[in-house]
Amino acid sequence: MKPHQSRFLDLALARRVLRFGEFSLKSGRTSPYFFNAGLFDSGAALDTLGGCYADALEQSGLAFDMLFGPAYKGIPLATALAVALARRGRDLPVAFNRKEAKTHGEGGLLIGAPVAGRVLIVDDVITAGTAIRESIQTIRAAGGEPCGVLIALDRQERGQAGHRSAAQEVTAEFGLPVHAIAGLDELLAHADERPEIATHKAALLAYRAQYGSQAD
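Labelled according to an unreviewed UniProt entry, the protein chain appears under the name Orotate phosphoribosyltransferase, originating from Arenimonas terrae. One UniProt comment on the protein chain, placed under Cofactor (unreviewed entry), says "Mg(2+)".

If you want it as structure tokens, here you go:
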């Protein structure tokens, strides 16, 4: 496991972003773990998280010109990444969208820098892919071209139909690479180092065996 993946998982545990037990998902499945990126809710947490995103992005080798954060959780995540990259000497434009168009003031759906060039979408997870699909449409309508997606955690589980995960479906449908700081594989690997995960490793393995996605 890479150092930034360990830092990310340790941060998620410390902030209770990552919890274990029995959680009912929108899909109807009962998951042995739950990830709530909304609990990265302090300056220090976002600072560390932004660095983890930046490390994952640098290792991906992806070429991009600006960042886009889908409302709502993607907004602070893209901002945290932009700050982290600026500290490393790359000052990039960042934009995000509103859920509903504003009809007064500056108006419109978009806030921040003009959308142009190769646009990287930054979010927490991909569940059904709805937010990513909407982001792709918004970016293209504004004159930019989506070039990839960067998420925090890839659950690596298949959707309701077929054997692909939501991330794999986005790649297959739009031809966009999807990168994650860490996935279920890294979470399982980290269980050997963290007792609070090891207690739940059998349940995690059983869940992956039942619902895990399969590579194309």
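Caption draft 1: Spatial organisation of the overall build of the protein chain. Of the regular secondary structure elements, the protein chain holds 8 helices and 8 strands. The C-alpha radius of gyration computed for the protein chain amounts to 17 Å, which stays within 12% of the reference 17 Å derived for 216 residues, consistent with globular compactness. For the protein chain, the spread of C-alpha atoms along the principal axes amounts to about 50 × 40 × 35 Å. Counting all 216 residues of the protein chain, 44% fall into the buried class. Within the protein chain, contacts between residues at least 6 apart in sequence are counted, and of these 70% link residues at least 24 apart. Of the roughly 10,400 Å² of accessible surface on the protein chain, 51% is carried by carbon and sulfur atoms. For the protein chain, the centre of its 23 positive side-chain charges and the centre of its 24 negative side-chain charges are spaced 2 Å apart.

Caption draft 2: Summary view of the layout of surface pockets. Within this model, the largest pocket holds a volume of roughly 1,000 Å³. What lines the largest pocket is a set of 35 residues, among which K26, V125, I126, T127 and A128 lie closest to the centre. When residues in the lining of the largest pocket are grouped by element, the largest group, 4 residues, is from helix α4 (residues 130-141). In the lining of the largest pocket, the residues fall into 15 nonpolar, 8 polar and 12 charged. As a volume, the second largest pocket reaches approximately 250 Å³. Contributing to the lining of the second largest pocket are 18 residues, with D154, Q156, H179, A180 and E186 lying nearest its centre. Taken together, the elements giving at least two residues each to the lining of the second largest pocket come down to α1 (3-14), α2 (43-60), α5 (166-174) and β8 (178-183). The greatest single-element share of the lining of the second largest pocket, amounting to 6 residues, is contributed by β8. A per-class count over the lining of the second largest pocket returns 6 nonpolar, 9 polar and 3 charged.

Caption draft 3: Geometry of the side chain of N97. As for its position among the elements, N97 is in strand β4 (residues 94-102). Its relative accessible area of 15% is what places N97 among the buried residues. Within the structure, N97 has its side chain in polar contact with the backbone nitrogen of A71 (distance 2.9 Å). Setting aside anything within four residues of it in sequence, one finds N97 in contact with F68, G69, P70, A71, I75, L109 and L110.

Caption draft 4: How the structure looks around the pattern of salt bridges. The tally for this structure, following the rule as stated, stands at 14 salt bridges. A salt bridge links R87 to D47; its shortest N-O distance comes to 2.5 Å. Of this pair, R87 sits in helix α3 (residues 74-87) while D47 sits in helix α2, and the two are 40 residues apart along the sequence. Among the salt bridges present, the one from D55 reaches R88, with a minimum N-O distance of 2.8 Å. Taken together, the positions of D55 in helix α2 and R88 in the loop between α3 and β4 put the pair 33 residues apart, joining distant regions of the chain.

About the criteria used
Residues numbered from 1 in each chain as written. Predicted model: local features only at pLDDT ≥ 70, side-chain atom pairs only at ≥ 80, totals over all residues. Heavy atoms only, no water. UniProt positions renumbered as here; feature names shortened; annotations may be inferred. Helix = DSSP H or I, 4+ residues; strand = E, 2+ residues; numbered from the N terminus. Rg over C-alpha atoms; globule rule 2.2 N^0.38 Å. Buried < 20%, exposed > 50% of the residue type's maximum accessible area, 1.4 Å probe, protein only. Contact = heavy atoms within 4.5 Å. Areas by Shrake-Rupley, 256 points an atom, 1.4 Å probe, with all protein chains shown as cover. Lys, Arg positive; Asp, Glu negative; His and termini not counted. Charge placed at Lys NZ, Arg CZ, Asp CG, Glu CD. 1 Å grid on protein atoms, 1.4 Å probe; cavity = no way out; pocket = protein on both sides within 12 Å on 5 of 7 lines; lining within 4 Å. Points joined across faces, edges and corners; volume = space filled by probe spheres on them. Nonpolar A, V, L, I, M, F, W, Y, C, P; charged D, E, K, R; others polar. Polar contact = N/O pair within 3.5 Å; in protein donor to acceptor, adjacent residues only side chain to side chain. Salt bridge = Lys/Arg side-chain N within 4 Å of Asp/Glu carboxyl O.

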